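Each chain is listed here by its residues.
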Amino acid sequence: MNNAVNDGVWSGSWVAERLGVQLVGDDELTEMLGLALRRNPKRAHLLVSNVLGKHVPQSPSVVYGAGLALGRRVRELLGAEEAAGAVVLGYAETATGLGHSVADGIGLAPYLHSTRRPVAGVARAGGFEESHSHATSHLLLPEDPTLLVGDGPLVLVDDEFSTGNTVLNTVRDLHERYPRRRYVVVALVDMRSAADAGRLEEFAREIGARVDLVAAASGTVRLPEGVLEKGQALVARYEAESAARGPVSSAAPSGLVAQFPAPLEGEAGAAGFEGDGRTTPLGARGTARPAPSGPHPDDNRTHPHITRIDLRWPQGLPDGGRHGFTPAHRERLEAALPAMAARLAEALPADAHRVLTLGFEELMYTPLRLARELEQVAGVEVRYSTTTRSPVLAVDDPGYAIRTRLVFPAHDDPADGPGERYAYNVAGAGFDAVIAVVDSIADTPELHAPDGLLAQLAAHAPQVLLAVVPSYVPGPLAIPERHSMLPEPLRGPAFSSYAPEEVGWLLQDLSDVTLEAPTEEREEAIQSGGAHYAESLPVEYQPSEQYQALFHTALEESAARLAQAVGAVTELVLAERSPRPVLVSLARAGTPVGVLMRRWAQFRHGLELPHYAVSIVRGRGIDANALRWLAEHHDPRDIVFVDGWTGKGAITRELTAAIGEFEASDGITGFDPEIAVLADPGSCVRTYGTRDDYLIPSACLNSTVSGLISRTVLRADLVGPHDYHGAKFYRELAGTDVSVAFLDAVEARFPEVLDAVDATAKELLSADRAPTWEGWAAVERISEEYGIHDVNLVKPGVGETTRVLLRRVPWKILARAGAGADLDHVRLLAEQRGVPVEEVAELPYTCVGLIHPKYTRGATGADGKAVNV
């Protein structure tokens, strides 16, 4: 679609007719440019590019292709040898993506763009002023201080050259610091006057360097006398009229440009248009109305939930050229783009036909490349544009380039303070979905506020997706090397039988290491103090056919109850912890629960929640390297730790202590140590689905219900100070794996428990859920009553008792009198291992497992006599 000329109407005609502005030059000019007005004391008119992807949504192939073509022309101009030594500099904010595309066209050139976002602690390599812009200060903040050093050509890229002043200011500043022999100026359009062109040539002679110019089209703007004052008056008039129409802040749907009637006649058009796209008769001398802002009162679209998409952006890859982007970075991006675009395509509504990928101010290149890749794989019409700081008048007329505008507050804590930001020609453009791409610094409460960008987009598109790219922080501000070098999470099918999007494991793969030891041998080493339980693995229990049948029966009978608990705990998390939580399950018992919570959020709310699994070890704490990776990629305040159930609360206490130690050592705050669990029979946490102690079938098995992953391992000779904790992937057990079957069985019950979940969540939200720690008190009492004197050998609850029977040397099982089918598998395991089951009338749990105290000092009672075993 040609957005500059529609139905014979040039999108600059409205301004041209009223102000007498003319574009003179190449035939391509009116195809590439439209005109608009803005409130600016230096220049009222604005050249609106149709191929830049800033103000006018355009095919990403067209936008990227324009930059590539210019880059190839530069390469031909320089020749292979000089092109190999070139550095490309783009101008913020408008040409950040264009400059990056030019660098791609040249081939091997590193890229840097100027920025209006200061970064504390990063030394300036230069700066300059943009004379006609509303925001003038440009900073150069390369991570590599030698990037601008050298004698190779410097290629300067902007979307347009109107006077050449910006280029002169840049070259003057940089030539004093980093002199070189050759500069190449690149623009989509060269609109300088003959006098301005002569100034650039004169300046080149003055500094003794060669300056070449490459532009896709050239011409000039003819401005009649008094045009600035006339333009300012016209802007003031339309802004006043818009204000008189009511306190609204964004354009309502007004349809595509091509849907509007023909050109205006004289000072006033043949027809005028209200901001909602309806024709309003204005008489013979009617005039086009300014497009209002904000959701229109007649806009009855349902505002959907925002769907967050985890792109799985490569660790350490810059989000753009603010601090430099090298050919090596380009290779990593090219390799990652197909998978990231596929994730976006999968998240699009099935009936979507027209999709906008919306970038964010200086973040232009990354969304452009994502949009172009999406255009190749999604089978839908894709358009691309970005938000902007530039205030432009919107007039809903086919002869005007800015038809509608969305207004929203800045959401990236800008150095110049809060203010309005804008998205143009988005409202009323008929998009079925909008993919908003921002960097993590801009993923703030303001972005998600009722008047924020996402809400504005949701008023004009049935579906809004949010993709957040980690903000790249260079040099000494980066997380220390040991953190930034941490690998990306492991994912299935390479590690675990879960689908890759279900969970990322922040673990290292120890599958090739022999870690298993006989259960009795492990128990003796653990209880004698010779080894920690996390230094080895038990031999994986291979369930008998009878036991497997018990598992499937238990799953069938408990799936609905589990689904209700999953829904309830997820609703509590969304209501109280974060509207966009990052689920971090404690491997491995917490991982199936984390996957189910993620599935509930998608089923009930359309949310795609990130989910990771990390290791926590009693007595050793949580994996600090995993926390560092999480803090680098997510806001710690959004992290919600997930486990399957609570016993006596030992892990709850362990996590609280470990988070405190981590904050003290790393200075990273914001992690909330409170765990969200499916079942809290020990009354140890506030966020739970139930406090009943019942069978969670995933506790019946080991790895074969947990993605074929072992419990985690922490051993000094295998896990260094900068490594994740380890685990094994038991690929050889795939024939008995029920991990996905367990998840699917519970998820299948989601629809039938909706009402029950709503009622449970409502009840829990209004209840006093303060932990009483009654489970811990019960364990202390049992430990003393049975002469064990070590609470670590008392494992309360169905889940913990099952673990005792599967992994440790059990002494006896205490079962609540009258406990039914929830204990069938426990009784079977106890029978197989020759462990007595003792019925107890007064027991706060359904059952309690007692580990054999034979090898510990706890085997001796307070009276010095041996405990009867």
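Residues numbered from 1 in each chain as written. Predicted model: local features only at pLDDT ≥ 70, side-chain atom pairs only at ≥ 80, totals over all residues. Heavy atoms only, no water.

**A few points about the overall build of the protein chain**
Applicable threshold: Every helix listed is a DSSP run of H or I at least four residues long, and every strand listed is a run of E at least two residues long, numbered separately from the N terminus. Each residue is assigned to one of three classes by its accessible area relative to the maximum for its type, calculated with a 1.4 Å probe on protein chains only: buried under 20%, partly exposed between the two thresholds, exposed over 50%. We call two residues contacting when some pair of their heavy atoms lies within 4.5 Å. Accessible surface area values rest on a Shrake-Rupley calculation with a 1.4 Å probe, where residue burial reflects the displayed protein chains alone.
Across its full length, the protein chain holds 22 helices and 37 strands. Looking at the protein chain as a whole, 61% of its 869 residues qualify as buried. A fraction of 77% describes how many contacts in the protein chain between residues 6 or more apart in sequence connect residues 24 or more apart. Element-wise, carbon and sulfur atoms account for 51% of the exposed surface of the protein chain, whose accessible area totals about 32000 Å².

**Section: the nonpolar core**
Applicable threshold: Nonpolar cores are built from buried Ala, Val, Leu, Ile, Met, Phe, Trp, Tyr and Cys residues. Side-chain atoms within 4.5 Å join them into one set.
By size, the foremost hydrophobic cluster in this structure holds 135 residues, and its most contacted members are Leu-148, Val-155, Val-186, Tyr-400 and Leu-457. Here the element with the most residues in this core is helix H3 (residues 60-84); it accounts for 8 residues. The residues contacting Leu-457, other than those within four sequence positions of it, are Leu-358, Leu-406, Val-426, Val-434, Ala-436 and Val-464. Of all hydrophobic cores here, the second largest spans 74 residues; its members include Leu-714, Val-719, Phe-729 and Leu-733.

**A closer look at the environment of Leu-370**
Along the chain, Leu-370 falls in helix H9 (residues 365-377). Accessibility expressed as a relative area gives 1% for Leu-370, which makes it buried. Between the C-alpha atoms of Leu-370 and Ile-435, which are 65 residues apart in sequence, the distance is 10.0 Å.

**So, helix H19 (residues 754-766)**
Just so we agree on the cut-off: One less than the number of residues in a helix, times 1.5 Å, gives the span that helix is expected to have. By arc we mean the arc of the directions from the helix axis to the C-beta atoms, nothing more.
Across its 13 residues, H19 extends 19 Å between first and last C-alpha, which sits within 8% of the 18 Å expected from 1.5 Å per residue. All of the buried residues along H19 are Val-757, Thr-760, Ala-761 and Leu-764. For H19, the buried positions fall inside an angular range of 100° around the axis, keeping them on one side. Facing away from the buried surface of H19 by more than 90 degrees, the exposed residues are Asp-755, Lys-762, Glu-763 and Ser-766. Contacts from the buried residues of H19 go to helix H14 (545-577), helix H15 (590-605) and strand E32 (687-690).

**Remarks on unusual backbone geometry**
Note the cis peptide between Gly-492 and Pro-493, where omega equals 0°. Looking at where Pro-493 falls in the secondary structure, it is placed in the loop between helix H12 (481-484) and strand E22 (504-505). In this structure, Arg-588 follows Ala-587 across a cis peptide bond, with omega equal to 0°. As for its placement among the helices and strands, Arg-588 is situated in the loop between strand E26 (582-586) and H15. Its identity as a non-glycine residue notwithstanding, Asn-425 has a phi of 60°, on the positive side. A relative accessible area of 9% means that Asn-425 is categorised as buried. Phi angles above zero are rare outside glycine, and Ser-496 is one such case at about 90°.

**What to know about the packing of aromatic side chains**
Test applied: Stacked, tilted and edge-to-face are the three classes assigned to paired rings of Phe, Tyr and Trp, where Trp is represented by its six-membered ring and a pair needs centres within 6.5 Å; plane angles under 30 degrees give stacked, over 60 edge-to-face, the rest tilted.
In this structure the tally under the stated criterion is 13 aromatic pairs. With centroids separated by 6.1 Å and ring planes inclined at 75°, the aromatic side chains of Phe-495 and Trp-505 adopt a geometry described as edge-to-face. With Phe-495 in the loop between H12 and E22 and Trp-505 in strand E22, the pair connects residues that are 10 residues apart, well separated along the chain. Given the relative accessible area of 1%, Phe-495 is considered buried. Residues Phe-641 and Phe-671 carry aromatic rings whose centres are separated by 6.3 Å and whose planes lie at 40° to one another, so their mutual orientation is tilted. Of this pair, Phe-641 sits in strand E30 (residues 639-645) while Phe-671 sits in the loop between helix H17 (650-666) and strand E31 (675-679), placing them 30 residues apart in sequence. With respect to burial, Phe-641 and Phe-671 carry one shared label: buried.

**Details of the sheet that holds E30**
The following threshold applies: A pair of strands is treated as paired once DSSP finds two or more bridges between them. The axes used here are C-alpha line fits, helices contributing only the stretch in contact, and every angle between their N-to-C directions lies in the interval 0 to 180 degrees.
Ordered in space as E22-E27-E26-E30-E31-E32, the 6 strands form an open sheet in which the pairing is parallel. Two strands bound the open sheet, and with one partner strand each, they are E22 and E32. With 2 bridges joining them, E22 and strand E27 (residues 611-614) adopt parallel strand pairing. Looking across to E27, one finds that Trp-505 is bridged to Ala-613. Along the sheet, helix H16 (residues 624-633) makes contact with E26, E27 and E30, crossing E27 at roughly 160°.

**A look at the packing of H14 against H15**
In plain terms, the rule: Geometric relationships in this document are graded by angle, where less than 35 degrees denotes roughly parallel, more than 145 denotes roughly antiparallel, 65 to 115 denotes roughly perpendicular, and other angles denote oblique. Gly falls in the polar group here, along with every residue not listed as nonpolar (Ala, Val, Leu, Ile, Met, Phe, Trp, Tyr, Cys, Pro) or charged (Asp, Glu, Lys, Arg).
Orientation of H14 relative to H15, taken along the N-to-C sense of each, is 75°, at an axis distance of 9 Å. Classified by the angle their axes make, H14 and H15 are roughly perpendicular. On H15, the residues that touch Ala-563, Val-566, Gly-567, Val-569, Thr-570, Glu-571, Val-573 and Leu-574 of H14 are Leu-596, Met-597, Trp-600, Ala-601, Arg-604 and His-605. The residue makeup of the contact of H14 with H15, split by class, is 9 nonpolar, 3 polar and 2 charged.

**Things to note about H9**
Over its 13 residues, H9 runs 19 Å from end to end, which matches the ideal 18 Å to within 8%, given 1.5 Å per residue. For H9, the set of buried residues is Tyr-365, Thr-366, Pro-367, Leu-368, Arg-369, Leu-370, Ala-371, Glu-373 and Leu-374. One or two positions beyond H9, positive phi appears at Gly-379, with a value near 70°.

**Regarding the confidence of the model for the protein chain**
Note that predicted coordinates carrying low pLDDT should not be read in detail. The criterion, for reference: Values of pLDDT, which run from 0 to 100, indicate the predictor's confidence residue by residue.
Mean pLDDT over the protein chain: 82, with 84% of residues reaching 70 or higher. In the model, residues 131-136 has pLDDT below 50 throughout and makes 21 contacts with residues more than four positions away in sequence or in other chains.

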